[in-house]
Amino acid sequence: MDKDWMFLLQRQKQFDSIIETNQTTKPFGLTISEQEAKLILEEKNHTLQEQGRIEFGTGIIPKIIYVFCDSDFVDAENYVDTIIRLQEIFYMYKNEMEDEISDDELLHFMREQFDNICFGDLEYLEGTCLAIFSQAIRAGYTGYQDTEGYGTYSALDEVKRWDYELYLEALKGLF
């Protein structure tokens, strides 16, 4: 009986913390209804079980919401689905990186790649950027620690990116 009461109290705190994020996200046109908050919590519990993880306190979902709410690639249409998918990716890569990276470092890295490399593509974030990053961390890479996860992907990126200046020069040469 005691465990059930404590579980329900923790679940209510998590629910309240998700609903409270609406105060910050509303200016971006993003809100979560009570029904959506319950769905997010159900998906979180499923993911935790699937990944063999436990969580204390309000959990990672409010942090994910605060970190990603002002992204150009998150809108009212995809908001809840994106939050659910981001928390799945987050927990999977916490395991992949063997908890060598802090929550904030991982979230900073995820956000930077989501906006600047993946342009909102969660599959690319998961399958390419985070796969390369986690492999580097498991191999002993620590370059992310000084910057809290910011600006570290370019040292690991294997894909040649567009060079804007070179593109303009080539374009001028055509005309």
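All values reported here derive from a predicted model rather than from experimental measurement.

A. Focus on the overall build of the protein. Along the backbone of the protein there are eight helices and zero strands. In the protein, the order of α-helices and β-strands from amino to carboxyl end is α-α-α-α-α-α-α-α. Sequence separation of at least 24 residues holds for 67% of the intrachain contacts in the protein that already meet a minimum separation of 6. Summing over all exposed atoms, the protein offers an accessible surface of approximately 10,700 Å²; the carbon and sulfur share of this is 51%.

B. Main features of the nonpolar core. The biggest cluster of nonpolar side chains holds 44 residues, and the ones touching the most others in it are Met-110, Leu-125 and Leu-130. Of all the secondary-structure elements, those providing two or more residues to this core are helix H1 (2-20), helix H3 (34-51), helix H4 (61-68), helix H5 (79-96), helix H6 (103-116) and helix H7 (122-138).

C. Geometry of the side chain of Ser-71. Mapping Ser-71 onto the fold places it in the loop between H4 and H5. Here Phe-73 takes part through its backbone nitrogen, which lies 3.1 Å from a polar atom of the side chain of Ser-71. The residues touching Ser-71, leaving out its near neighbours within four places in the chain, are Arg-111, Phe-114 and Asp-115.

D. Just unusual backbone geometry, in detail. Residues other than glycine seldom take positive phi values, yet Glu-98 does so here, at roughly 55 degrees. Structurally, Glu-98 is set in the loop between H5 and H6. Residue classification places Glu-98 among the exposed residues on the basis of a relative accessible area of 51%. The phi torsion at Phe-119 lies on the positive side, around 50 degrees, for a residue other than glycine. Here Phe-119 lies in the loop between H6 and H7.

E. Broad picture of a nonpolar patch on the surface. A cluster of nonpolar residues, Leu-171, Leu-174 and Phe-175, forms a patch on the protein surface that exposes about 400 Å² of accessible area. Mapped onto the fold, Leu-174 is located in helix H8 (residues 164-174). Looking at Leu-174, the relative accessible area reads 68%, which means it is exposed.

F. Representation of the pattern of salt bridges in the model. Here the structure, examined in full by the defined rule, presents nine salt bridges. When the shortest N-O distance is used, the salt bridge between Lys-94 and Asp-99 registers 3.8 Å. For Lys-94, a relative accessible area of 5% translates into the label buried. On the accessibility criterion, Asp-99 (41% relative accessible area) is partly exposed. With a shortest N-O distance of 2.9 Å, Asp-103 and Lys-94 are connected by a salt bridge. Residues joined by salt bridges that share partners form a network here, namely Arg-53, Lys-94, Asp-99 and Asp-103.

G. Representation of the packing of aromatic side chains within the structure. Tallying each qualifying case throughout the model produces six aromatic pairs. Measuring from ring centre to ring centre gives 6.2 Å for Phe-73 and Phe-119, while their planes differ by 75 degrees; the resulting arrangement is edge-to-face. Highlighted residues: Phe-73 in the loop between H4 and H5 and Phe-119 in the loop between H6 and H7, separated in sequence by 46 residues. A centroid spacing of 6.5 Å and a plane angle of 75 degrees characterise the contact between Phe-133 and Tyr-141, whose relative ring orientation is edge-to-face. The partly exposed category is assigned to Tyr-141, whose relative accessible area is 22%.

Reading guide: rules and limits
- Residues numbered from 1 in each chain as written.
- Predicted model: local features only at pLDDT ≥ 70, side-chain atom pairs only at ≥ 80, totals over all residues.
- Heavy atoms only, no water.
- Helix = DSSP H or I, 4+ residues; strand = E, 2+ residues; numbered from the N terminus.
- Contact = heavy atoms within 4.5 Å.
- Areas by Shrake-Rupley, 256 points an atom, 1.4 Å probe, with all protein chains shown as cover.
- Core = buried A, V, L, I, M, F, W, Y, C linked by side-chain atoms within 4.5 Å.
- Buried < 20%, exposed > 50% of the residue type's maximum accessible area, 1.4 Å probe, protein only.
- Polar contact = N/O pair within 3.5 Å; in protein donor to acceptor, adjacent residues only side chain to side chain.
- Patch = residues over 30% accessible without salt bridge, like charges linked within 9 Å, V, L, I, M, F, W, Y side chains within 5 Å.
- Salt bridge = Lys/Arg side-chain N within 4 Å of Asp/Glu carboxyl O.
- Phe/Tyr/Trp six-rings, centres within 6.5 Å; stacked < 30°, edge-to-face > 60°.

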